[in-house]
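Tertiary structure, described
One-letter residues, chain by chain:
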Amino acid sequence: QVQLVESGGGLVQAGGSLRLSCAGSGRTFSWDAMGWFRQAPGKEREFVARIRGSGSGTYYGDSVKGRFTISRDNAKNTVYLQMNSLNPEDTAVYYCAADTPPVGRAWCASDYLYWGQGTQVPVSS
């Protein structure tokens with residue numbers, strides 16, 4: 001059974017940092033592009049970041065550029081999202097996803113095949 005499991009979410013104060021992890025199982029994701037999305041209450045799912053299988057190419061949504069960093073450890077079948085300078089507008093459920101095969105559009109959620117169940121990140125002011 002193919003699974004993506006996010007962890008690392010939790011309450012954080014504005015200005016703080018958090019690192020999310022997404023562990024894959026059931027297949028290797030080393031060749032797949034991996035992405036992070038988020039969804040705030042009452043809003044549509046928003047693209048956050050994407051990383052190529054090799055790790056050489058990364059892409060970010062405008063709202064997180066310069067604050068968030070996506071990375072991966074293919075030996076661990078795991079993707080990370082380092083989030084710095086968090087603000088209340090970053091409050092959302094964060095999801096990781098796999099673009100399998102890696103031919104989809106970075107920002108398009110429907111192009112990703114596998115999804116985790118999400119981890120909540122509330123940011124207090």
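Below: a short report on this structure. Throughout this description, residue numbers start from 1 for each chain and increase along the sequence as written. Local features in a predicted model are, by the rule used here, given only for residues with pLDDT of at least 70; side-chain atom pairs are given and counted only at 80 or more, and totals for whole chains, interfaces and linings are based on all residues. For the side-chain quantities, the full set of heavy atoms in the structure was used; hydrogens and water were omitted.

Brief notes about the sheet that holds strand E1 (residues 3–7)
Spelled out, the test is: Between any two strands, at least two bridges found by DSSP are needed for them to pair. Put simply, DSSP H or I for four residues or longer makes a helix, DSSP E for two residues or longer makes a strand, and each gets a number counted from the N terminus. Working convention: axes come from line fits to C-alpha atoms, limited for helices to the stretch in contact. Angles between N-to-C directions cover 0 to 180 degrees.
Pairing is antiparallel in the open sheet, where four strands are placed in the order E1-E3-E8-E7. Strands at the two margins of the open sheet, each flanked by one partner only, are E1 and strand E7 (68–73). Within the sheet, the average angular offset between the axes of one strand and its neighbour, ignoring direction, is 15°. Bridge count between strand E3 (residues 18–25) and strand E8 (residues 78–83): six bridges; the pairing is antiparallel. Note on E8: the bridge partner recorded for Leu20 is Leu81.

Notes on the pairing of E3
The side chains of a regular strand alternate between the sheet's two faces. Sheet topology places E1 next to E3; five bridges connect them, and they run antiparallel. Counted as the bridge partner of Glu6 is Cys22 from E3.

Some thoughts on the pattern of salt bridges
Condition: Each salt bridge in this description consists of a side-chain nitrogen of Lys or Arg and a carboxyl oxygen of Asp or Glu lying within 4 Å of one another. Exposure is judged per residue with a 1.4 Å probe applied to protein chains only, and the accessible area is read against the type maximum: over 50% gives exposed, under 20% gives buried, and values in between give partly exposed.
This structure, assessed with the given rule, holds seven salt bridges. We note a salt bridge from Arg50 to Asp99, for which the minimum N-O separation is 2.9 Å. Placement of Arg50 in strand E5 (residues 46–51) and of Asp99 in strand E9 (residues 92–99) is noted, with a sequence separation of 49 residues between them. In this structure, the salt-bridge partner of Arg67 is Asp90, at a minimum N-O distance of 2.8 Å. Taken as a pair, Arg67 in the loop between strand E6 (58–60) and E7 and Asp90 in the loop between E8 and E9 lie far apart in primary sequence, 23 residues in all. On the basis of relative accessible area, Arg67 is assigned to the buried category, the value being 16%. Assessed through its relative accessible area of 1%, Asp90 is described here as buried.

Things to note about the nonpolar core
Side chains of a nonpolar character, in soluble globular proteins, are inclined to be buried together. Stated precisely, the cut-off is as follows: Throughout, nonpolar core names a set of buried Ala, Val, Leu, Ile, Met, Phe, Trp, Tyr and Cys residues whose side chains join them through atoms within 4.5 Å.
Grouped together as the largest cluster of nonpolar side chains are 25 residues, with contacts concentrated most on Trp36, Leu81, Met83 and Tyr94. With four residues, the single largest contributor to this core is E9. One finds Phe37, Phe47, Ala97 and Tyr112 within the second-largest nonpolar core, a separate group that totals five residues.

Description of the environment of Glu6
What counts is decided by this rule: Every residue pair with non-hydrogen atoms within 4.5 Å of one another is taken to be in contact. Counted as a polar contact is a pair of N or O atoms within 3.5 Å, where, for protein atoms, one must be capable of donating a hydrogen and the other of accepting one, and residues adjacent in sequence contribute only when both atoms are in side chains.
By the secondary structure assignment, Glu6 is in strand E1. For Glu6, a relative accessible area of 9% translates into the label buried. It is 21 Å that separates the C-alpha atoms of Glu6 and Pro88, two residues lying 82 residues apart in sequence. Residues contacting Glu6, with those up to four places away along its chain left out, are Ser21, Cys22, Trp36, Tyr94, Tyr95, Cys96, Gly116, Gln117, Gly118 and Thr119. A distance of 2.9 Å separates a polar atom in the side chain of Glu6 from the backbone nitrogen of Cys96. A polar side-chain atom of Glu6 sits 2.9 Å from the main-chain amide nitrogen of Gly118.

Side note on the state of the cysteines
Note the following rule: Cysteine sulfur atoms that pair up within 2.5 Å are treated as a disulfide.
By the definition in use, this model includes one disulfide. There is no disulfide at Cys108, and the cysteine sulfur nearest it, in Cys96, is 17 Å away. Owing to a relative accessible area of 10%, Cys108 belongs among the buried residues under this scheme.

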